Amino acid sequence: MPTPGATATERSHHRTRQLRRVPLAVALAAVYLGAAITAHPSRQPGSAWASAVHAYLPSGVHLPSLLLGAVALAVAAGWAERRLGSARFAIALVGTQLVALGAGTGFVAWISPGAPHAEHLVAGGHGAVVSVVACGTAAAATAGLRVMWRRRLRTALVAVVVVGALYAGTLSDVLRLATVVAGLIAGPLLQGRRPVRRVGPATVHERRVLVAVVLLAAALGPVVAALAPGAVGPLAVLRYLGTDWGPADPAFLAAMCSEPARITECAAAQLQHRAGLGALFTAILPSILLAVLAHGLRRGLRMAWWGAVVAQGALAALTVVYLLGIVLPSRVPRTDLLQGLGTYDFTDYAQAKALVLPLLVPLAVFAVLVGHRRLFRLRTVPGTGRKLLRRVLVLGAALSALYLVLGWWWRAGFEPTPGWGDLAENLPERFMPLVYALHLGPEFVPVDVGTTLLFEGLGIVFWSATATWLLGAFLGHGSGESAADRLRARDLLRRGNGGTLSWMGTWAGNSYWFAPDGRSFVAYRVIAGVALTTSNPVAADRDLEAVVTGFVRHCAEHEWMPCFYGVTEDVAAVLPTGSWSRLRIATETVLELGQLEFRGKRFQDVRTALNRAEREGVRAVWTSYDQLSLGRREQLLEISEEWVAEQGLPELGFTLGGIAELDDPDVRILLAVDEAGLVHAVTSWLPVYDDGKVTGWTLDFMRRREDGFRSSMEFLIGTAALTLQAQGYSFLSLSGAPLASADIGGAGPEPQQRFLGWLAATLEPVYGFQSLLGFKKKFAPRFVPWFMVYPDASTLPAITAAITVAYAGEVGWGTGWSVARTLLARRP
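Residues numbered from 1 in each chain as written. Predicted model: local features only at pLDDT ≥ 70, side-chain atom pairs only at ≥ 80, totals over all residues. Heavy atoms only, no water.

### Re the overall build of the chain
Turning to step 1, where the next piece is worked out: Check the secondary structure of the chain and you find 31 helices and 13 strands.
Turning to step 2, where the next piece is worked out: In the chain, which comprises 828 residues, the share counted as buried stands at 50%.
Turning to step 3, where the next piece is worked out: Accessible surface, the chain as shown: approximately 37400 Å² in total, 62% of it carbon and sulfur. (Helix = DSSP H or I, 4+ residues; strand = E, 2+ residues; numbered from the N terminus. Buried < 20%, exposed > 50% of the residue type's maximum accessible area, 1.4 Å probe, protein only. Areas by Shrake-Rupley, 256 points an atom, 1.4 Å probe, with all protein chains shown as cover.)

Next comes the structure, spelled out in structure tokens:
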């Protein structure tokens, strides 16, 4: 990489070296230019193979387009060659392109030459070599990427080519789809792996992104079909549900308007012929709203999920009604206005692409949304939905009144002149896509600038504002059921006394019970009738018993089963042993900072990590999430995705924070960063308050790069201990090791404790609880037991289920099978 002060000669040498690293990509771009220049566009192919090759290679393209294509080809192929190496890139290039040409040949041979849309199918492939090569080699190169980027690029590639094939359906789309499939298979083989390799489950964030991509693909597909010339894909018919907004043929318009009996149809055709910006906008309106909802899904919002479910359900119903209406001509007068439908035989019920497949798309997306409903739990700020609805209704009423008043005032600008009743009858159509207005048959059309702006602008203003407000609600979301309470809880925690896990009680997903005096609270979440607390109540020692008793009474009033989870001995002691049982569920490791020095044999591993980091140029960087650059945030997300995938297990929550919990100004983040700026590991530290002051910090998020600095965790924790000691803090909590203790059977009823001991041994190969405790022992900590206190043994099954849901969400068959398979694979 040339330095900022490098000379022109040095920069030129650097570019030359870069090009020498990708010789095949450079040669490929040169061959592309040569083939394009020497091609004969007038020569017609004679066979299916010749047709595929003819469509594959560029011909009759202007020189600027050729140069741009050559640069794009060099960049895309160059990236793939650098990822794969020249030899493997050559194999991937030849293999994927041969598969693509073979698929194209079969596609052309399968098409009947006499089919009414055969020319559209083949014509769409001319000059597809750039995109086909880029897609195929990029798909193969993704096999060498890290988990997060591999998933992202593969999802994007597959979504693009599948949408193109299903909606546009031309030869070029078939070539791209075939080459991507070939690349996805060839990539792992070139890396020495099986094409189908078991990869660990995605994080909750990544799964939300995947669902959002599915919705976005379904939203943009009809737009792709509407914009693609001669789109004839199996789902191209869906463009007629709103995006068929093109102007009418002038000859068709003149012939229709010459017949007095067809005055209404003439008005509709005139409206279609004059379709402008408003028609375009309202045509793609469903796609715009679904794209906004997809953004909300990416953020995990329940409001976006409900909106997407309602929208997809409505689209499914609309598809059924609209297609059946077209199939039964008696129900649809003036169907000749929708001229594009002539390429389909809607009277043939055997045409699956015209009926069955279009119906399956919104239903399939609807099923995906319902099947993944557990991912979308976050709620917007209380009152957001009502506020949004109120705004939309007020705006709709205001625009409706404006349309009626101005329409009457400017009625001479319409043809024929409407009355009050005509304007009122036409009002709903102003908020609908043009295709529906055409189908209903407008009684009048605008003929001057003012009435045209009024006629088309109403829908633009209304739906632009609605989409903007909806997007704003998603961007400014909070935890709906407890946003205000959570702020109150944080304020009380900062002014009072909390345990080492109390800050976790301020995370999204918790509800709060506040003591009558307003000085104390309990964070909890209700799952299947079990009120599961998040560690200790936040209360002064003198108020602890009253707070615990008050929370138990609160649960009784709501007929919930209380369970004090992850509490310390002082809380467990408050509850009477005669009516409450306790289980020791974890061991917390606390590092006292007062006289801490990493000396002696027991701290040898910590000292080695600190010294090795200094030798290798790895340094510790304190920061917070809002101070991170975009590049470092991406690195943290990459490390997290890779860690979850390598574990082969679902990402846990509740008292285990993820990326979302890092985004908190009160949380301190400590990174291990090398001299090149690469983040090797990350830890996060939660504040612990006592009498209104931060006296210690609790370790929460800890993940490292698989191929990074090996002793990164010892280095980060050791650095944190020394730094926070120098800053005057009294202790560090390394948090708890669930089901891990030298004395796991020493507290609680013997059968239950024996069960926990068996469970710990069974899950050890998967979750490594005892190994985690062993790692934390390197720092010579003090051990503090954590308990679960519950009413009686008969409630244990329900409590166990509630804890499982709290940590892992509602475990479906797929997640359960993943855990079981990983458990069996790792057992000795």
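### Notes on the side chain of S735
Turning to step 1, where the next piece is worked out: As for its placement among the helices and strands, S735 is situated in strand 12 (residues 731-738).
Turning to step 2, where the next piece is worked out: With relative accessibility at 12%, the residue S735 sits in the buried group.
Turning to step 3, where the next piece is worked out: Filtering out sequence-adjacent residues up to four positions away, S735 remains in contact with L501, T587, E588, T589, T698, L699, K776 and W786. (Contact = heavy atoms within 4.5 Å.)

### Re helix 5 (residues 86-110)
Turning to step 1, where the next piece is worked out: A rise of 1.5 Å per residue sets the reference length of helix 5, with its 25 residues, at 36 Å; its end C-alpha atoms lie 36 Å apart and thus fit the reference within 8%.
Turning to step 2, where the next piece is worked out: Turning to helix 5, its buried residues number three or more, namely F89, A92, L93, T96, Q97, A100, L101, G104, T105, F107 and V108. (Expected span 1.5 Å × (residues − 1).)

### Some details on a positive patch on the surface
Turning to step 1, where the next piece is worked out: On the surface, R386, K387, R390 and R391 cluster together to form a positively charged patch.
Turning to step 2, where the next piece is worked out: Structurally, R390 is set in helix 17 (residues 384-409). (Patch = residues over 30% accessible without salt bridge, like charges linked within 9 Å, V, L, I, M, F, W, Y side chains within 5 Å. Salt bridge = Lys/Arg side-chain N within 4 Å of Asp/Glu carboxyl O. Lys, Arg positive; Asp, Glu negative; His and termini not counted. Charge placed at Lys NZ, Arg CZ, Asp CG, Glu CD.)

### Describing the packing of aromatic side chains
Turning to step 1, where the next piece is worked out: In this structure the tally under the stated criterion is 15 aromatic pairs.
Turning to step 2, where the next piece is worked out: Their ring planes at 70° and their centres at 5.7 Å tell us that F551 and F564 sit as a pair that is edge-to-face. A residue pair is termed long-range when its members are at least 10 positions apart, and F551 in helix 22 (residues 544-557) and F564 in strand 6 (residues 561-567) qualify at 13 residues. The two residues F551 and F564 agree in class, both being buried.
Turning to step 3, where the next piece is worked out: Considering the side-chain rings of W697 and Y729, the 5.8 Å spacing of their centres and the 85° angle between planes classify their relative orientation as edge-to-face. Linking W697 in strand 11 (residues 693-704) with Y729 in the loop between helix 27 (712-726) and strand 12, this pair joins segments that are 32 residues apart in sequence.
Turning to step 4, where the next piece is worked out: Overall, the relative accessible area of 6% leaves W697 in the buried class. (Phe/Tyr/Trp six-rings, centres within 6.5 Å; stacked < 30°, edge-to-face > 60°.)

### Focus on the side chain of Q635
Turning to step 1, where the next piece is worked out: You can see Q635 is positioned in helix 25 (residues 630-647).
Turning to step 2, where the next piece is worked out: With residues up to four places along the chain from it excluded, the contact list for Q635 reads G677, L678, V679 and R705.

### Let's talk about the environment of R176
Turning to step 1, where the next piece is worked out: By secondary structure assignment, the location of R176 is in helix 9 (residues 171-190).
Turning to step 2, where the next piece is worked out: In the structure, R176 is positioned eleven residues away from A165 in sequence and 8.4 Å away in space, judged by C-alpha atoms.
Turning to step 3, where the next piece is worked out: A polar contact of 3.0 Å, which involves the side chain of R176, links it to the side chain of D173. (Polar contact = N/O pair within 3.5 Å; in protein donor to acceptor, adjacent residues only side chain to side chain.)

### Some details on the nonpolar core
Turning to step 1, where the next piece is worked out: Counting 45 residues, the largest nonpolar core has L215, L293, L297, L369, Y403, F462 and F474 as its most contacted members.
Turning to step 2, where the next piece is worked out: Every element with two or more residues in this core is listed here: helix 8 (147-168), helix 10 (204-227), helix 14 (285-298), helix 15 (302-327), helix 16 (356-371), helix 17 and helix 20 (449-475).
Turning to step 3, where the next piece is worked out: Per-element tally for this core: the top contributor is helix 20, with nine residues.
Turning to step 4, where the next piece is worked out: If we skip the residues at most four places from it in the chain, L369 touches V211, L297, W305, A308, V309 and Q312.
Turning to step 5, where the next piece is worked out: In terms of nonpolar packing, the next biggest core, distinct from the first, is built from 33 residues, A489, C563, I585 and A586 among them. (Core = buried A, V, L, I, M, F, W, Y, C linked by side-chain atoms within 4.5 Å.)

### A few points about the pairing of strand 3 (residues 511-514)
For a regular strand, side chains alternate in direction, first toward one face of the sheet and then toward the other.
Turning to step 1, where the next piece is worked out: Here four bridges tie strand 3 to strand 4 (residues 521-527), and the two strands are oriented antiparallel to one another. By the bridge assignment for strand 4, S511 is matched with Y524.
Turning to step 2, where the next piece is worked out: The turn linking strand 3 back onto strand 4 is made up of six residues, and G518 within it adopts a positive phi angle of 75°. (Pairing = 2+ DSSP bridges.)

### Describing a nonpolar patch on the surface
Turning to step 1, where the next piece is worked out: Nonpolar side chains collect at one region of the surface, where W79, W149 and L153 lie side by side and expose about 250 Å² of accessible area between them.
Turning to step 2, where the next piece is worked out: Mapped onto the elements of the fold, W149 is located in helix 8.

### Remarks on the pattern of salt bridges
Turning to step 1, where the next piece is worked out: Evaluation of the coordinates by the stated rule reveals 13 salt bridges.
Turning to step 2, where the next piece is worked out: Across the salt bridge formed by D664 and R490, the nearest N and O atoms sit 2.8 Å from each other. Here D664, found in the loop between helix 26 (659-662) and strand 9 (668-673), pairs with R490, found in helix 21 (residues 483-495); they are 174 residues apart in sequence, far enough to count as distant.
Turning to step 3, where the next piece is worked out: A relative accessible area of 5% places D664 in the buried class.
Turning to step 4, where the next piece is worked out: A relative accessible area of 14% places R490 in the buried class.
Turning to step 5, where the next piece is worked out: With its nearest N and O atoms 3.7 Å apart, the salt bridge here joins E597 to R599.
Turning to step 6, where the next piece is worked out: By sharing partners, the salt bridges in this structure join R490, R494, D664 and D666 into a single network.

### Some words on helix 24 (residues 604-615)
Turning to step 1, where the next piece is worked out: For helix 24, spanning twelve residues, the distance from its first C-alpha to its last is 16 Å, which sits close to the expected 16 Å at 1.5 Å a residue.
Turning to step 2, where the next piece is worked out: Within the span of helix 24, buried status applies to V606, A609, L610 and A613. Viewed along the axis of helix 24, the buried residues span an arc of 95°, placing them on a single side of the element.
Turning to step 3, where the next piece is worked out: Tucked into the core, helix 24 has its buried residues touching helix 27.
Turning to step 4, where the next piece is worked out: G617 occupies a position one or two residues after helix 24 and carries a positive phi of about 75°. (Arc of directions from axis to C-beta.)

### Examining the pairing of strand 4
Turning to step 1, where the next piece is worked out: Judged by how many residues are buried, strand 4 sits mostly within the fold: six of seven residues are covered.
Turning to step 2, where the next piece is worked out: Across four bridges, strand 4 lies against strand 5 (residues 530-533) in antiparallel orientation. Considered in strand 5, the bridge of Y524 is made with T533.
Turning to step 3, where the next piece is worked out: The hairpin formed by strand 4 and strand 5 contains two residues between the paired strands, and A528 there has a positive phi angle of roughly 50°.

### Brief notes about the confidence of the model for the chain
Turning to step 1, where the next piece is worked out: Overall, the predicted model of the chain reaches an average pLDDT of 75, with 68% of residues at or above 70.
Turning to step 2, where the next piece is worked out: pLDDT under 50 marks residues 120-126. Its contacts with residues more than four places away, or in other chains, come to 20 contacts.
Turning to step 3, where the next piece is worked out: In the predicted structure, residues 742-748 sits below a pLDDT of 50 and forms 13 contacts with residues beyond four places in sequence or in another chain. (pLDDT = per-residue confidence, 0-100.)

### Re the packing of helix 24 against helix 27
Turning to step 1, where the next piece is worked out: Following both chains from N to C, one finds helix 24 and helix 27 inclined at 95°, their axes separated by 8 Å at the closest point. As the angle between them shows, helix 24 and helix 27 are arranged roughly perpendicular. The segment helix 24 lies against helix 27, with D605, V606, A609, L610 and A613 engaging E714, F715, G718, T719 and L722.
Turning to step 2, where the next piece is worked out: A class-by-class count of the residues in the contact of helix 24 with helix 27 yields six nonpolar, two polar and two charged. (Axes fitted to C-alpha atoms, helices over the stretch in contact; angles between N-to-C directions. Parallel < 35°, antiparallel > 145°, perpendicular 65-115°, else oblique. Nonpolar A, V, L, I, M, F, W, Y, C, P; charged D, E, K, R; others polar.)

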